[in-house]
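# Examining the three-dimensional arrangement
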Number of protein chains: 2
Amino acid sequence: MVRFVLMHTFTEENYLKTIYHCTLASGSATTNQIAAATNTRAASVTDMLKKLSEKKLINYAKYQGVTLTAEGEKIAIGVIRKHRLWEYFLVEKLDFKWDEVHEVAEELGHISSIELIDRLDKFMGYPKYDPHGDPIPDSNGRFKRQELKPVSGLAVNDTGVVLGVGDHSTAFLQYLEKASLTLGTKLTVIEIIDYDHSVVLQIADKKLNISREVAKNLLVAL
Amino acid sequence: MVRFVLMHTFTEENYLKTIYHCTLASGSATTNQIAAATNTRAASVTDMLKKLSEKKLINYAKYQGVTLTAEGEKIAIGVIRKHRLWEYFLVEKLDFKWDEVHEVAEELGHISSIELIDRLDKFMGYPKYDPHGDPIPDSNGRFKRQELKPVSGLAVNDTGVVLGVGDHSTAFLQYLEKASLTLGTKLTVIEIIDYDHSVVLQIADKKLNISREVAKNLLVAL
DNA sequence: GATAATTTTTAGATAAGTCTAAACTTATGG
DNA sequence: CCATAAGTTTAGACTTATCTAAAAATTATC
């Protein structure tokens, strides 16, 4: 089979993507974080870090955690672009629900052809955001990060529009679906309960009480 | 990751599909045929045949060639269904040419989700044939084989409509494209040259001379 | 029907990615 | 500021799918 000049395995791509996400989420990527995210053991991660380091895709010093090199980040963003475009396709064209797409997109996101993904992008009209509100990088890897705040960071009387989630788990997405807290929902903070930091929201003409946990993972634009 | 009860690797699926195609094309599948088709060595094929045999997916006796069991055939047809539906998608929705889709579809055809493929099928309106005229099995694995004849089997004055190809190589497909011998083309055999068995065709108001090689791989319905 | 040619299988090795268990670093808390 | 906990790495082993080289079986040829 004819392949590209630079081919990386499914596994390598997965590690790079995971490192990208960890770095974004917590400012750093450690062996244990990566192991937890990829559902492997720390020892396996260390092996792979050495390999990626030799290929100059990550900056790695023993016991010091890792960061992506420019090349590594490029690959990670490419995988994320594929993943998010496929999620968009699954939801918008094939009528999957937003909590059903992750696993399938995970597989689809590693199909190697760049031509395929660029044509898919065109077919769908160059969407800017995936079904969870995450930005889709363009074919040059560029995308603008949205300035979103967790509901837990709002004050009483603040108003926002739900545009993203901080937790992509099926359980959380199904909870939101059931509570009608889907993307685009406008909400106002009515009250913050001192005792447990839960938040009372006004949504259209209804009131809804959400836990601190939910408030932290519900992202809004003001 | 949650997977299916019966999971088979990418590689196993590929062997099963290859065995299916070999059996169809030549009535049997031998170690060397499979090795040629999968671009591996005979020794590797033997190893895999043992493995597939243990899993009861093929009937295998040393030195005797192989056939698929009912279960093996079911899997093979499933992979073929996926492959052909993706080819259809690539050509009809993403504007790939019919000679560009094989490799990409090869990768896509191994995405595990059955839900995905059934929804894709629905999205495209349950197509019956792929871009090369090959029938697409339905979700139960059923499909009707078309009764197609190679042009080399026609007699002078016979008329037919191009509905399939016996060679899926890029080179052959590009040749047909260039010669305007695409699916649906109506043709009549004007003359068969004794010397080299080449065939002179009447297509609309033009005459076209094709070699025996081409005539063998151009399939028509009468 | 014996020998040669072809095909297939066995034996042993390799590479990728993973694991467990043990050893080693770094961080933390009296 | 040392002892222990937490986190990370090394060592050695396993699995899958592949390979080459050599042996064995089958088929073809004279």
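Residues numbered from 1 in each chain as written. Chains lettered and ligands numbered in written order. Predicted model: local features only at pLDDT ≥ 70, side-chain atom pairs only at ≥ 80, totals over all residues. Heavy atoms only, no water.

### What about the protein's contact with DNA strand D?
Around DNA strand D, 21 residues are found, and the nearest of them are A:Lys50, A:Tyr60, A:Lys62, B:Ser44 and B:Lys51. Contact between DNA strand D and A:Tyr60: a phosphate oxygen at 2.5 Å from a side-chain N or O atom of the residue. Going through the elements one at a time, α2 (31–38) and α3 (42–54) of chain A together with α1 (10–26) and α3 (42–54) of chain B are the ones with two or more residues in the surface near DNA strand D. It is α3(B) that provides the largest number of residues to the surface near DNA strand D, a total of 5 residues. Residues that form the surface near DNA strand D fall into these classes: 8 nonpolar, 8 polar and 5 charged. (Near = heavy atom within 4 Å. Polar contact = N/O pair within 3.5 Å; in protein donor to acceptor, adjacent residues only side chain to side chain. Helix = DSSP H or I, 4+ residues; strand = E, 2+ residues; numbered from the N terminus. Nonpolar A, V, L, I, M, F, W, Y, C, P; charged D, E, K, R; others polar.)

### Notes on the nonpolar core
Judged by nonpolar contacts, the single largest core of 36 residues is most densely connected at A:Trp86, A:Leu90, B:Trp86 and B:Leu90. The set of elements that each furnish at least two residues to this core consists of α4 (70–92), α5 (102–108) and α6 (114–123) of chain A together with α4 (70–92), α5 (102–108) and α6 (114–123) of chain B. Apart from the residues lying within four places of it in its own chain, the contact partners of A:Leu90 are A:Asp95, A:Phe96, A:Val101, A:Val104, A:Ala105, A:Leu108 and B:Leu116. (Core = buried A, V, L, I, M, F, W, Y, C linked by side-chain atoms within 4.5 Å. Buried < 20%, exposed > 50% of the residue type's maximum accessible area, 1.4 Å probe, protein only. Contact = heavy atoms within 4.5 Å.)

### A few points about the side chain of A:Arg84
Here A:Arg84 lies in helix α4. Beyond its immediate chain neighbours, meaning those up to four positions away, A:Arg84 contacts A:His21, A:Asp130, A:Asp134, A:Pro135 and A:Ile136.

### A few points about the relation of the copies chain B and chain A
The operation relating the two chain copies consists of a rotation about an axis and a shift along that axis. Between the two copies, chain B and chain A, the superposition gives an RMSD of 0.1 Å; the rotation angle is 180° and the shift along the axis is 0.0 Å. With respect to symmetry, the two chain copies, as superposed, fit the operation of a two-fold axis. The position closest to the rotation axis in chain B is occupied by the C-alpha of B:Leu108, lying 3.7 Å away. Most of the interface of chain B is mirrored in chain A, where 100% of its interface residues are also at the interface. (Least-squares fit on C-alpha atoms with pLDDT ≥ 70 in both.)

### A closer look at the sheet that holds strand β5 (residues 186–192) of chain A
Strand pairing in a sheet relies on backbone hydrogen bonds. The paired strands run either parallel or antiparallel. All names here are of chain A. The 6 strands lie next to each other as β3-β8-β4-β5-β6-β7, forming an open sheet whose pairing is antiparallel. For this open sheet the edge positions go to β3 (149–150) and β7 (206–210), each flanked by a neighbour on one side alone. Together, β4 (159–165), β7 and β8 (218–221) form the strand contacts of helix α7 (residues 170–178), whose direction differs from that of β4 by roughly 145°. (Pairing = 2+ DSSP bridges. Axes fitted to C-alpha atoms, helices over the stretch in contact; angles between N-to-C directions.)

### Describing helix α1 (residues 10–26) of chain A
Residue and element names in this part refer to chain A. Relative to the 24 Å expected for 17 residues at 1.5 Å per residue, α1 spans 24 Å between its end C-alpha atoms, a close match to the ideal helical length. Residues of α1 that are buried: Glu12, Glu13, Asn14, Tyr15, Leu16, Lys17, Thr18, Ile19, Tyr20 and Cys22. Taken together, the buried residues of α1 touch α2, α3, β1 (58–60), β2 (66–68), α4 and α5. Glycine 27 sits one or two positions beyond α1 and adopts a positive phi of about 80°. (Expected span 1.5 Å × (residues − 1).)

### Comments concerning the interface of chain B and chain A
Counting from both sides, the interface comprises 24 residues of chain B and, opposite them, 24 residues of chain A. With both sides pooled, the region where chain B packs onto chain A buries about 2,100 Å², and carbon together with sulfur makes up 68% of that total. Area buried by chain B at its contact with chain A is led by B:Leu94, B:Glu107 and B:Arg119, which between them contribute 26% of it. Seen at the junction of chain B and chain A, the total is 0 salt bridges. Scanning the region where chain B abuts chain A turns up 6 residue pairs in polar contact (both at pLDDT 80 or more). (Buried area = accessible area lost by both parts, 1.4 Å probe. Salt bridge = Lys/Arg side-chain N within 4 Å of Asp/Glu carboxyl O.)

### Overview of the domain arrangement of chain A
Each domain of chain A was delimited in the assignment, giving domain 1 (10–68) and domain 2 (149–221). Distance from the C-alpha centre of domain 1 of chain A to the C-alpha centre of domain 2 of chain A: 32 Å. (Domains from an automatic or database assignment.)

### Comments concerning the protein's contact with DNA strand C
Not every one of the 22 residues close to DNA strand C is listed here, only the nearest: A:Ser44, A:Lys51, B:Lys50, B:Tyr60 and B:Lys62. The share of sugar and phosphate among atoms of DNA strand C within 4 Å of the protein is 75%. Measuring from a phosphate oxygen of DNA strand C, one finds a side-chain N or O atom of A:Ser44 at 2.5 Å. In this structure, B:Asn32 approaches DNA strand C through a main-chain N or O atom, which is 2.8 Å from a phosphate oxygen. Looking at the surface near DNA strand C, the elements with two or more residues in it are α1 and α3 of chain A together with α2 (31–38) and α3 of chain B.

### What to know about the sheet that holds strand β7 (residues 206–210) of chain B
All names here are of chain B. On the basis of which strands lie adjacent, the open sheet formed by 6 strands has the order β3-β8-β4-β5-β6-β7 and antiparallel pairing. With one partner strand each, in any of the chains shown, β3 (149–150) and β7 form the two edges of the open sheet. Looking at chain direction, β3 and strand β8 (residues 218–221) are connected through 2 bridges and run antiparallel. Counterpart to proline 150 in the pairing with β8 is leucine 219. Taken strand by strand, helix α7 (residues 170–178) contacts β4 (159–165), β7 and β8, and its axis lies near 145° from that of β4.

### Topic: the environment of A:Ala204
Residue and element names in this part refer to chain A. If you trace the backbone, alanine 204 turns up in the loop between β6 (199–203) and β7. Assessed through its relative accessible area of 69%, alanine 204 is described here as exposed. Taking the C-alpha atoms as reference points, alanine 204 and leucine 148, separated by 56 residues in sequence, lie 21 Å from one another.

### Let's talk about the packing of aromatic side chains
Under the definition given, this model contains 6 aromatic pairs over all chains. Between the aromatic rings of B:Trp86 and B:Phe89, the centroid separation amounts to 5.6 Å while the plane-to-plane angle is 85°, which identifies the pairing as edge-to-face. Of the two residues, B:Trp86 and B:Phe89 are both situated in helix α4; the distance of 3 residues between them amounts to about one turn of the helix. With relative accessibility at 0%, the residue B:Phe89 sits in the buried group. Among the aromatic residues, those joined into a cluster by ring pairs are A:Trp86, A:Phe89, A:Phe123, B:Trp86, B:Phe89 and B:Phe123. The ring of A:Phe123 carries A:Lys93 above its face, with NZ or CZ at 4.9 Å from the centroid. (Phe/Tyr/Trp six-rings, centres within 6.5 Å; stacked < 30°, edge-to-face > 60°. Lys NZ or Arg CZ within 6 Å of the ring centre and 35° of its normal.)

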